[in-house]
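A closer look at the structure
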Amino acid sequence: MTQTMQLLISPSLRHVTVLPAKGFKDFIKVKVGSRRLSYLMVFYSLLLCTFLLRFVFVLTAVDTIDGEQKCSTLGCLGRKIGPRILGRQLESTVPEVIYQVLEEPSDQIEMEAGPETPQTLEEFMAEMKDTKPDAETFAVKLKAMVTLLEQTTRTAKIQEYLYRHVASSGIPKQLHCLDLKLAHEYSINANARLQLPSAELVPALVDNSYFHFVLASDNILAASVVASSLVQNSFRPEKVVLHIITDSKTFSPMQAWFSLHPLTPAIIEVKALHHFDWLTKGKVPVLEAMEKDQKARSQFRGGSSAIVANTTEKPHIIAAKLQALSPKYNSLMNHIRIYLPELFPSLDKVVFLDDDVVVQTDLSSLWDIDMNGKVNGAVETCRGEDKFVMSKRFKSYLNFSHPMISNNFDPNECAWAYGMNIFDLEAWRETNISQAYQYWLEQNLKSDLSLWQLGTLPPGLIAFHGHVHAIDSFWHMLGLGYQDNTSIADAQSAGVIHFNGRAKPWLDIAFPQLRPLWTKYVNFSDKFINSCHIRET
């Protein structure tokens, strides 16, 4: 029953009384000082009532749109506001049958998905308006449409990963052309076969008063960008020594490039793997492990066709398995850093650079960092404003469902990055880091590659565990090869930027807004670059 109220205003307008209909004796009396103030009060009271009436109307209209039963104005207002005041929630008006249909196994709905299944939300809404189905039919049609769209999206995503895998694994014809032209130049031009460095500069290769950098690469164009950016941004280029390590097939064209494009006054050394006396198969157990690893991956993965044919795994898992097939993960060039103390026995400290980085500042200050007895100075990847890139912990790389991993490591321990690392070789030689690296490679093979899926970082995280000194994130910005969320301004403010990921800056799939940060160190008027049709865009 609706209770009414009485509003009494005295003739003098000095008293306003509100009484309930049942004669409740309490009243509210408002005293005012003058007639002018009383008229204003009545006016504002009327405005307030008008506002409340509009508020009640809006709430009632929303109820009507939501399909609720008709109710009085005060009733609708009570249903809207009452539960909130009392701290109670309204019961759901969604029919229970809709939940039942949506919770059924998807394969039952997939059987019903066919040409008649709506392809878009517009088609679905049009069909619902025409047929006016019951709640169960509505839910079945909705689930069929969503399931179909999920399947379509999954297929498209996997195809994208497959195309990116093919594009990033192959050698672009322009880079292959550059290798061939430089190899030919090496064979016919004595200036392309100059000794690097010249005889008078050879002592600097073992002089610890210089800043020694190591770069391992079989990509001439990429190596040239790393070298040029390093030297151009150095405050004392005459103190820079860059040791370039490559494979036997790339040695001649790599030698030709740096012979014909000297970076004076910096000192450049080019050596092939077979030039290191220590680096023989009998002394490097990682070579044998890599051969086993390559065979195991071939059998275990079944190739890219078998990977993309899997209908149960999530797209990002398939992407990781495709990436594991990349030739670079079975290349000694990718593992060479673990033997730096043996390859450079006379050096105390080196900075190791990947070939997909660009140096944007002077790096000599890295030698002033106190490593506190640690071996590896690296940027941690679990802290930072970019939550997509800087959110990596051990659980991001290692399989903690395996007891060998879960019993030895903390899943929430902060990870760190390869790509720009300062290594204290003196401290390294006092540890068993290289032996630990080899041991875990063998354990991963014995476990059918179940400890981790790809790359050299996971065994590096294990081998360097307890030997890492965190350096400021300014020195190493990551992620420019697998996401384009990084702004140009942020990238330009970093000491070293890293195009880790599939979208390498020398590939057509590179992110166009980030690529200029790399191409600025390429001389596109060079006769070798120009003749191989290597373009800026």
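Each remark here, short or long, concerns the structure printed above.
Read on for a plain summary of the structure.

Conventions used here
- Residues numbered from 1 in each chain as written.
- Predicted model: local features only at pLDDT ≥ 70, side-chain atom pairs only at ≥ 80, totals over all residues.
- Heavy atoms only, no water.
- Helix = DSSP H or I, 4+ residues; strand = E, 2+ residues; numbered from the N terminus.
- Buried < 20%, exposed > 50% of the residue type's maximum accessible area, 1.4 Å probe, protein only.
- Contact = heavy atoms within 4.5 Å.
- Pairing = 2+ DSSP bridges.
- Core = buried A, V, L, I, M, F, W, Y, C linked by side-chain atoms within 4.5 Å.
- Salt bridge = Lys/Arg side-chain N within 4 Å of Asp/Glu carboxyl O.
- Disulfide = S-S within 2.5 Å.
- Axes fitted to C-alpha atoms, helices over the stretch in contact; angles between N-to-C directions.
- Expected span 1.5 Å × (residues − 1).

**Some details on the environment of Cys382**
Relative to the helices and strands, Cys382 resides in the loop between strand S8 (376-379) and helix H14 (403-406). Residue classification places Cys382 among the buried residues on the basis of a relative accessible area of 11%. As a C-alpha pair, Cys382 and Asn412 span 30 residues in sequence and 9.3 Å in three-dimensional space. Look past the residues within four positions of Cys382 in its chain and what remains in contact with it is Met390, Ser391, Lys392, Arg393, Cys414 and Ala415.

**Some remarks on the pairing of strand S10 (residues 468-471)**
Along S10, the buried face is formed by His469 and Ile471; none of Val468 and Ala470, which line the opposite face, is buried. Sheet topology note: the S8/S10 ladder contains four bridges and is parallel. Residue pairing in the sheet places Val379 in a bridge with Ile471 of S10.

**Topic: the nonpolar core**
Judged by nonpolar contacts, the single largest core of 69 residues is most densely connected at Leu178, Phe213, Leu221, Phe258 and Ile497. When residues of this core are assigned to their parent elements, the largest contribution, nine residues, is made by helix H8 (residues 220-232). Sequence-distant contacts of Ile497, that is, excluding residues within four places in its chain, are made with Asp356, Val357, Val358, Gln360, Met477, Leu480, Ala491 and Leu517. Among the nonpolar cores identified, the runner-up in size contains 42 residues, and Tyr339, Leu347, Tyr418 and Leu425 belong to it.

**Some words on the pattern of salt bridges**
Charged atoms that come close allow side chains of opposite charge to pair. Counting across every chain of the model gives five salt bridges. Its salt-bridge partner being Lys141, residue Glu127 comes within 3.4 Å of it at the nearest N-O pair. You can see Glu127 sitting in helix H5 (residues 121-131) and its partner Lys141 sitting in helix H6 (residues 135-169), a full 14 residues away along the chain. Between Asp247 and Lys249 there is a salt bridge, with its nearest N and O atoms 3.7 Å apart.

**Some words on the state of the cysteines**
Two cysteines whose sulfur atoms are joined by a covalent bond form what is called a disulfide. Applying the stated criterion across every chain yields a total of two disulfides. Sulfur-sulfur distance for the disulfide between Cys177 and Cys532 comes to 2.2 Å. When the S-S torsion is -75 degrees, as for the bridge of Cys177 with Cys532, the disulfide is left-handed. Placement of Cys177 in helix H7 (residues 173-188) and of Cys532 in the segment after helix H20 (527-531) is noted, with a sequence separation of 355 residues between them. Given the relative accessible area of 3%, Cys532 is considered buried. The disulfide bridge from Cys382 ends at Cys414, spanning 2.0 Å between sulfur atoms. Taking the sign of the S-S torsion, -110 degrees for the link of Cys382 and Cys414, the bridge is left-handed. Remark: Cys414 occurs in the loop between H14 and strand S9 (420-424) and Cys382 occurs in the loop between S8 and H14; sequence separation between them is 32 residues. Accessibility classification places Cys382 together with Cys414 in one group, the buried group.

**Quick notes on the sheet that holds strand S5 (residues 267-272)**
If you trace the seven strands from one edge of the open sheet to the other, you get S5-S4-S3-S6-S9-S8-S10, paired in mixed fashion. Strand pairing shows two members of the sheet lacking a second neighbour, S5 and S10, which therefore form its edges. Between one strand axis and the next, the sheet turns through 25 degrees on average, direction left out of account.

**Quick notes on helix H16 (residues 433-446)**
Its 14 residues give H16 an end-to-end C-alpha distance of 20 Å, which sits within 8% of 20 Å, the value for a rise of 1.5 Å per residue. The element H16 is largely enclosed, with a buried count of 10 among its 14 residues. All buried positions along H16 are accounted for by Ile433, Ser434, Ala436, Tyr437, Gln438, Trp440, Leu441, Gln443, Asn444 and Leu445.

**Focus on unusual backbone geometry**
Cis geometry marks the peptide bond from Leu196 to Pro197; its omega dihedral reads -5 degrees. With respect to the helices and strands, Pro197 occurs in the loop between H7 and strand S3 (211-216). Not every positive phi belongs to a glycine, and Lys132 is a case in point at roughly 45 degrees. For Lys132, the position within the fold is in the loop between H5 and H6. By relative accessible area, Lys132 is classed as exposed at 66%. Of note in the backbone geometry, Asn372 takes a positive phi value of approximately 55 degrees without being a glycine. Structurally, Asn372 can be placed in the loop between strand S7 (357-359) and S8. By relative accessible area, which is 53% here, Asn372 ends up exposed.

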